Structures are given as C-alpha cells and as structure tokens.
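# Chain and residue survey
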Amino acid sequence: MKSVLAVALVVVAAASAVAVSLAQGSTDKSGGVFRLGTSSRIDSLNPFVGFNQDTYNTFMYVYPFLVQYDKKLQFVPDFARSWKVSKDGKTWTFKTAANAKWSDGQPLTAADAAWTLNTNIKYQSTGAANYAGLVAHMKRAQAPNATTLIVQYAAPVGNVLSQLEQVPILPQHVWSKYTGHKGNDLKSYANTDLVGGGTFVLTKYSKDQIALFERNDDFYGAKPQADGFGLRMFSNDDAMIAALKAGEIDAVETVPPTAIAAVRKAGFVVDSGPGVSMGDFIINSNPKKPKHRELLNLEVKEAFAHAIDRKKIAAVVWLGTATPADSYIPPATGAWYNRNLSPEKFDLALANRLLDQAGYPKGSDGIRVAGDHKMAYEVIDPTDVQSIPRTFQIMQADFAKIGVKLTLKPLDSSAAFEAIGAPDYKYLKFDLAMWSWTALIDPDFMLSVLTCAQFGGWSDTGYCNAGYDRMYSQQGLTIDAAKRRQIVWAMQAKIYRERPYIILNWQDAMSAHSKRWTGWVDSPQGPFNSLSKLSLTEVHQTG
C-alpha cells in the first residue's frame with residue numbers, strides 16, 4: 001500500500017498533536033488525504049458492541065457489505081455482484097466478488113459472509129444481539145464455493161436487501177476465536193488491530209481523538225480517488241468549526257445551526273436536506289423497574305409529552321433546521337412514516353390536569369408526590385450529543401411548571417448506555433434519558449430497537465411488549481409493500497400511545513466542505529453515512 005499517511009501516523013498524545021497530524025494532509029491535486037471533523041465518536045471498533053452512528057459509518061468503509069444504496073437510494077452491488085431469489089421467496093443466492101482479499105492478505109470469500117450470518121443467527125440472544133433483527137427468519141447461510149453465498153429463510157421476507165445492507169462481513173479467521181461463553185466473547189474483543197476488506201484500511205485509531213484510513217488498493221470494487229481520509233473527533237462543536245475555518249480539516253459531517261452563517265461566509269459549501277436523525281426523550285418503560293413506577297403510567301407519559309415545547313426547541317436550539325416530531329420513523333423515509341400522527345400540543349394546563357387526574361398532588365415546594373417520594377428524576381445525558389444541554393434547559397423549566405423536577409446527569413456515551421441498561425442490561429435503575437437516533441431508509445431497524453430481543457442490544461428504553469413483537473415479526477414477513485406499510489404505521493401508532501420515546505424533533509442533514517474538494521455525496525444520513533461507500537470513494541480534490 002501507498003504510505004501517504006506516514007506523516008500523520010505519529011503517536012497522538014494530545015489534541016494539539018492531533019491538529020498537527022491532520023493539518024499535514026497532502027495538497028497534491030491527484031490523491032490527497034481528505035480530513036473530516038466530527039463532534040461525535042467512534043465508541044468501539046467491535047461491531048458487536050458499537051452503537052454511535054460514526055462507528056457504523058466507519059464500518060461501511062472498512063468492511064465488505066453484500067449490498068449498498070446508490071445516490072437514488074436503490075440497492076446496488078457491493079461484495080455481492082449479483083443476486084436472485086427462488087420462486088418461493090425463501091432462498092437468496094448471491095454471487096460475490098472473486099479474488100478479494102482481507103487487509104492482512106488472507107482470501108475474502110463467500111465463506112466469510114456465510115460464517116458472519118450464521119454467527120449472528122446462532123448468538124442473536126447473546127453476543128450478537130445487535131444483529132438479531134437483521135437475521136430475523138433467517139435459517140442458515142452456506143457457501144458452496146468461494147463466490148457463491150446461499151441464504152435460506154424460514155419464510156419469505158419482505159426486506160432482505162435492506163437487512164443485509166446493515167451487516168458487515170467479518171473475517172472468519174479473526175473472529176471465530178471469539179465465540180466462547182455462548183457467543184458472549186464476541187463483545188470482549190477490542191478489534192484494535194482491525195482486519196478489514198472495504199474501500200479503506202484503518203491505520204491509526206486513538207479513542208476520542210482521531211482515526212486515520214488509507215486507500216485499500218486491493219479492494220474488490222471501485223477504488224477511492226483520495227489516497228486516504230482522517231476522522232478527527234472534537235470534544236465540542238465550537239472547536240470543530242474553529243478547526244474548519246483554520247484549514248486543519250476539509251469538512252464537517254454536521255454543521256451546528258449556530259455556525260451555518262459563519263461557515264458559509266468563510267467560503268465553505270454547506271449542504272442541507274431532510275434528514276433521518278432525531279432527538280428523543282426516553283422514559284424507562286420496563287414494567288419490572290422497582291422504583292419510580294409512576295413513570296409507567298400512560299397518563300404521566302402523556303402529561304410529559306404535552307409539557308415539551310417542541311416548537312421552541314426547534315427555534316432556539318436548532319434555529320429552524322429541525323422540525324417538531326412525533327414518530328421514530330421520520331418523514332425522510334418516505335411512505336413508511338405514519339402521516340396520521342402529529343406532535344402533542346404544548347399545553348402546560350393540560351399536562352397539570354393529567355397529573356392531577358393520575359393522583360399525583362403537588363407538595364408545599366411545588367414538586368409533585370408519587371407515593372412516598374417526590375417526582376424528581378435524573379435525566380441521563382450522553383455528552384457527545386451537543387444539542388442536549390440547551391434542549392434540557394427548555395424542558396427543565398417547563399417541567400418545573402407541572403411539578404416535576406429534572407436534573408441532568410452528563411456521562412460519556414459508553415457510560416450513558418451502561419447506565420441505561422443497568423444492571424446487566426435489565427433496565428431496572430434509570431428513569432429518564434435524552435439521546436438521538438439516526439434512522440435508515442427501511443424502517444425495520446428502528447422498529448427492531450423496541451423489541452424484547454434488543455435487551456442487551458440496541459434497546460435504550462427497557463420497552464418489551466409481546467404484541468409489538470408480533471407486529472414486528474409480521475411486518476418482516478409481509479411481501480406486499482402496501483400491506484407492510486399498514487403494519488409499520490400501526491406500530492408507530494402503538495409507540496406513540498405508549499411513549500417509551502417522546503420524539504422531540506427531526507433534524508435536517510447539514511454538512512460542510514471546502515471548495516478544494518468535490519464529489520461529496522449527500523444522503524438523508526449526511527455524506528459520511530452507513531448507507532453506502534460512495535461519498536468517500538468519489539470525493540476528490542478540485543483542479
């Protein structure tokens with residue numbers, strides 16, 4: 001491989017060293033190193049553990065996937081060069097790229113894809129819980145030869161390609177060593193010496209600081225035009241935008257609303273469009289939670305929904321680049337969004353009446369009482385979501401007017417996720433949290449997050465409902481798109497009523513890049529995304 005990143009591959013000991021290493025990216029008009037900034041994180045290099053969006057964006061570029069989306073959000077080949085389905089809809093046959101290699105030189109074949117899928121099936125209730133929804137109804141995968149993958153389902157599934165687009169193919173010769181303890185060891189491997197087979201190879205990773213990638217000249221598909229790219233992780237938006245203006249980075253994956261005008265004035269290209277990211281207010285909905293059980297009361301949840309001024313949040317926090325929301329399936333997904341829903345009206349008088357009716361009177365200090373305790377709660381705050389503190393201030397003031405005291409509990413994202421799941425992902429201790437989601441184009445993933453199978457996986461609400469699970473299974477087995485849409489709409493309506501989430505807003509996708517680079521491919525997830533390898537494959541320096 002070329003050594004264009006050699007200058008940058010210094011040991012990064014401090015933020016200043018990070019800035020220097022990235023600033024030394026190539027300025028040659030052919031090739032060069034594209035330098036990208038983010039205020040998010042790669043929280044883990046382990047696909048069975050990671051949950052931040054930048055983690056999955058990274059996986060898209062370092063691992064093979066069977067299929068990906070194109071610019072029109074249609075499925076196109078990735079490692080699978082073609083595919084066909086049997087007449088009964090139960091067997092999918094993929095022809096995979098020939099003569100492919102892993103970054104350590106070992107052959108990359110259909111056998112790796114079969115092993116990955118079979119591992120996700122076998123350990124979907126333990127170490128591979130993150131992928132449980134993606135292998136729903138899948139029976140087995142086989143690789144009769146190096147370029148043929150056969151995937152068999154128990155019944156026809158209506159969204160096979162959208163499921164497989166989310167599954168990174170892992171090298172069997174690396175990961176097969178970590179399936180002990182009923183698959184739980186899959187989560188124990190740090191994967192810092194990542195062996196990949198995507199468009200880029202990870203050459204340097206310093207947690208919460210920087211990740212450096214070099215073009216994979218052995219990649220089985222279209223080669224990137226840049227020699228490599230760097231992802232620099234900032235502790236806050238202000239530092240990121242300052243680095244952009246100073247020329248230390250070439251682009252930011254998300255422009256904070258307060259910086260849009262300044263970034264444009266500084267001569268950068270700002271791209272915007274309807275996005276699939278959203279902010280949410282999370283209410284622990286595990287019926288087994290031992291304390292503060294009033295939060296399971298649907299009247300309390302409804303009161304909370306009416307005490308949130310979504311319009312003010314959109315105006316003050318997002319400066320008009322977000323829209324008041326009502327569903328975890330955003331309108332940018334198209335027909336999957338249930339248009340019969342609408343955000344609850346901001347009405348403090350109604351919220352107070354609902355809490356009065358529910359039997360929670362205000363005490364002498366103005367805080368309501370539920371049984372033997374005050375309605376005072378900590379709200380877990382993952383600190384890499386920069387919009388939460390200001391959003392919380394607005395909510396905190398309004399909740400005080402309905403007799404509910406909120407206190408913010410800032411934690412880094414890994415600690416926040418652990419606190420939500422405590423103890424041991426039984427979801428028994430936390431009360432409230434705030435976070436964000438970035439949805440996919442097909443609704444299945446966001447629907448799956450609220451299934452019982454996601455305890456210990458993607459669940460951040462403790463919600464588990466047998467009726468919802470049946471609907472989830474049914475939508476996956478419904479081939480007719482219109483009929484499947486009816487089920488998806490019904491699932492959204494159920495969650496709207498039961499409120500494990502109160503969705504606050506849908507956020508526009510806002511990114512910015514230097515005019516010295518072009519080919520940046522936008523999407524509802526933004527240009528650096530988990531939908532395809534296109535953006536950083538096509539980005540290149542201008543003449």
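Predicted model only: the values in this text are computed from it and were never measured.

So, on to the nonpolar core. The biggest cluster of nonpolar side chains holds 144 residues, and the ones touching the most others in it are L149, F281, F304, Y328 and F399. Here this core takes six residues from helix α3 (residues 110-122), the largest share from any one element. For F304, the contacting residues outside a window of four places in its chain are F281, I283, L295, Y377, F399, I402, V404 and I502.

Moving on, we come to the environment of Y496. Tracing the chain through its elements places Y496 in helix α15 (residues 481-498). Expressed as a C-alpha distance, the spacing of Y496 and S327, which sit 169 residues apart in the sequence, is 6.9 Å. Beyond its immediate chain neighbours, meaning those up to four positions away, Y496 contacts D326, L341, S342, P343 and E344.

Time to look at the packing of helix α14 (residues 466-476) against α15. Between α14 and α15, whose axes approach to 9 Å, the crossing angle comes to 155°. Accordingly, the angle class assigned to the pair α14 and α15 is roughly antiparallel. In this structure, α14 meets α15 at a crossing whose hand is left-handed. Contact residues: α14 offers G467, Y468, M471, Y472, Q474 and Q475, while α15 offers R484, I487, V488, A490, M491, K494 and I495. Classifying every residue of the contact of α14 with α15 by side-chain character gives eight nonpolar, three polar and two charged.

Detailed reading of the predicted coordinates is not advisable wherever pLDDT falls low. Within the chain, residue pLDDT values average 93, and 94% of them lie at 70 or more. Per-residue pLDDT stays below 50 along residues 1-28; that stretch engages in 57 contacts with residues further than four places along the chain or on separate chains.

On to the packing of aromatic side chains, then. Under the defined criterion, the tally for this structure stands at 34 aromatic pairs. Their ring planes at 70° and their centres at 5.8 Å tell us that F281 and F399 sit as a pair that is edge-to-face. Taken together, the residues F281 in strand β14 (residues 269-283) and F399 in helix α11 (residues 388-400) connect sequence positions 118 residues apart. An identical accessibility class is assigned to F281 and F399; each is buried. A cation over an aromatic ring shows up here: R484 above the ring of W336, its NZ or CZ 4.6 Å from the ring centre.

Criteria and thresholds
- Residues numbered from 1 in each chain as written.
- Predicted model: local features only at pLDDT ≥ 70, side-chain atom pairs only at ≥ 80, totals over all residues.
- Heavy atoms only, no water.
- Core = buried A, V, L, I, M, F, W, Y, C linked by side-chain atoms within 4.5 Å.
- Buried < 20%, exposed > 50% of the residue type's maximum accessible area, 1.4 Å probe, protein only.
- Helix = DSSP H or I, 4+ residues; strand = E, 2+ residues; numbered from the N terminus.
- Contact = heavy atoms within 4.5 Å.
- Axes fitted to C-alpha atoms, helices over the stretch in contact; angles between N-to-C directions.
- Parallel < 35°, antiparallel > 145°, perpendicular 65-115°, else oblique.
- Left-handed = near helix turned anticlockwise from the far one by under 90°.
- Nonpolar A, V, L, I, M, F, W, Y, C, P; charged D, E, K, R; others polar.
- pLDDT = per-residue confidence, 0-100.
- Phe/Tyr/Trp six-rings, centres within 6.5 Å; stacked < 30°, edge-to-face > 60°.
- Lys NZ or Arg CZ within 6 Å of the ring centre and 35° of its normal.

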